[in-house]
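Read off the chains here:
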Amino acid sequence: MNMHIHHGGCGCLQALSRRGLFGLGLGAAVAAAAAVPAAHAVEDTGYEAMLMKCIDPRFTTNTWAYMASRGWQNAYSQFNIAGGPIAAVAPVFQEWRAAWEANLDISVQLHNVKRLIGMTHRDCGAAVVAYGERIKTDRAYETQMHTQALRAFRDQAKKRQPQLIVELGIMDLGGAVEPVI
C-alpha cells in the first residue's frame, strides 16, 4: 500500500499564505506538514468519505468518534456550516448553497471522495431558524424535518455527484446516530 502524508494533487499546501503555516515560511510549513506521524497518512486513492455537519461545538467530539468508529479516522474530509445538511437545502440558507456545492465538487475532484455522510443533530439552532420554534418542543416534528432535509440533501448531492454513496443520520445529544434511509 502506497502511503504519503498529504494527497499530492490537492494543492492545499500551495494555498498557504506567503508567510506559510502559523507565520512560518513556506519551507518551514512544508517541513511541519511532513513531520506529521505516519498514523496520519492518507492512501494515494484519496479520502474514504466527506462529512457534512453543523458547526455546533457540542457535537465535534461525537462526530469525530462516529467517523473513527467507521474506520475513517484521518481518512475523511469535512465541511462544517450552521445546520450542516439543513443549510444545503433550507430556503432560508440559500445564499450558502454555492459554497457547499463548490466544496463538494472540489473534494470529490481533489481527494477522490467515495461517500458523503450528511449528519444533522438534535437541538439545532439552525434547524429552528429554518423550520420554526416548534422543532424545539415537538420531537416527532423535529425528526420529520431533519429527515426531510437529509433526504433532500441526498437528492441534491446525487444530482451533482451521482457516483457518491450518501449516508444520512441524526445525532442525539449523547452522540448516538439514528440512520435516515
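Scroll up for the structure.
This report concerns the structure included in the present document.

## Quick word on the pairing of strand β3 (residues 49-53)
Item 1. Counting buried positions over the five residues of β3 gives five, a clear majority of the element.
Item 2. Residues Ala49, Leu51 and Lys53 of β3 are buried on one face, and the alternating residues Met50 and Met52, pointing to the opposite face, are buried as well.
Item 3. Handedness of the β-α-β unit built from β3, helix α2 (residues 60-69) and strand β4 (residues 76-80) comes out right-handed.
Item 4. Across four bridges, the pairing between β3 and strand β5 (residues 115-121) is parallel. Paired with Met50 across the two strands is Leu116, which belongs to β5.

## Overview of the pattern of salt bridges
Item 1. Summed over the entire model, instances satisfying the criterion amount to 11 salt bridges.
Item 2. For Arg58, the salt bridge is made with Asp56, and the minimal N-O distance between the two is 2.6 Å.
Item 3. Its relative accessible area of 42% is what places Arg58 among the partly exposed residues.
Item 4. Classification of Asp56 by relative accessible area gives buried; the value is 14%.
Item 5. Two residues, Arg70 and Glu167, come together in a salt bridge whose shortest N-O distance is 2.7 Å. Taken together, the residues span a long stretch of sequence, with Arg70 in the loop between α2 and β4 and Glu167 in strand β6 (residues 165-171) at a distance of 97 residues.
Item 6. Judged by relative accessible area, which is 30%, Arg70 ranks as partly exposed.
Item 7. The buried category is assigned to Glu167, whose relative accessible area is 19%.
Item 8. When salt bridges that share partners are traced, they join Glu48, Arg70, Arg115 and Glu167 into one network.

## Things to note about the pairing of β5
Item 1. Counting buried positions along β5 gives seven out of seven residues, so the element sits mostly inside the fold.
Item 2. Side chains of β5 alternate between two faces, with Arg115, Ile117, Met119 and His121 and Leu116, Gly118 and Thr120 buried alike.
Item 3. Pairing analysis gives seven bridges linking β5 to β6, with the strands arranged parallel. Pairing of Gly118 across the sheet is with Leu168, part of β6.

## Overview of helix α7 (residues 139-160)
Item 1. Here α7 is 22 residues long and its end C-alpha atoms lie 31 Å apart, about the 32 Å a rise of 1.5 Å per residue gives.
Item 2. Taken together, the buried positions of α7 are occupied by Tyr141, Glu142, Thr143, Met145, His146, Thr147, Ala149, Leu150, Phe153 and Ala157.
Item 3. Capping the start of α7, Asp138 holds a side-chain oxygen 3.2 Å from the backbone nitrogen of Ala140, two or three residues further along.

## Considering the nonpolar core
Within soluble globular proteins, side chains that are nonpolar generally end up buried alongside one another.
Item 1. Within the largest apolar cluster, 34 residues are counted, with the highest numbers of intra-cluster contacts made by Met52, Trp100, Leu104, Leu116, Tyr131 and Phe153.
Item 2. Elements that contribute at least two residues to this core include exactly β3, α3 (85-89), α4 (97-111), α5 (125-131), α7 and β6.
Item 3. Residue contributions to this core peak at six residues, all from α7.
Item 4. Excluding residues within four positions of it along the chain, Trp100 makes contact with Met50, Met52, Phe79, Ala88, Leu116 and Phe153.

## With respect to the sheet that holds β3
Item 1. Sheet architecture is open: five strands sit in the order β4-β3-β5-β6-β7, paired in mixed fashion. Whereas interior strands pair on both sides, the edge strands pair on one side only; in this sheet they are β4 and β7 (177-180). Strand-to-strand twist across the sheet, computed as the mean angle between neighbouring axes with direction ignored, equals 25°.
Item 2. Contacting β3, β4, β5, β6 and β7, α2 runs over the sheet at an angle of about 155° to β3.
Item 3. Against the sheet, α4 contacts β3, β4 and β5, and its axis sits at roughly 165° relative to β3.

Rules of the game
Residues numbered from 1 in each chain as written. Predicted model: local features only at pLDDT ≥ 70, side-chain atom pairs only at ≥ 80, totals over all residues. Heavy atoms only, no water. Buried < 20%, exposed > 50% of the residue type's maximum accessible area, 1.4 Å probe, protein only. Helix = DSSP H or I, 4+ residues; strand = E, 2+ residues; numbered from the N terminus. Right-handed = clockwise from strand over helix to strand, strands pointing away. Pairing = 2+ DSSP bridges. Salt bridge = Lys/Arg side-chain N within 4 Å of Asp/Glu carboxyl O. Expected span 1.5 Å × (residues − 1). Polar contact = N/O pair within 3.5 Å; in protein donor to acceptor, adjacent residues only side chain to side chain. Core = buried A, V, L, I, M, F, W, Y, C linked by side-chain atoms within 4.5 Å. Contact = heavy atoms within 4.5 Å. Axes fitted to C-alpha atoms, helices over the stretch in contact; angles between N-to-C directions.

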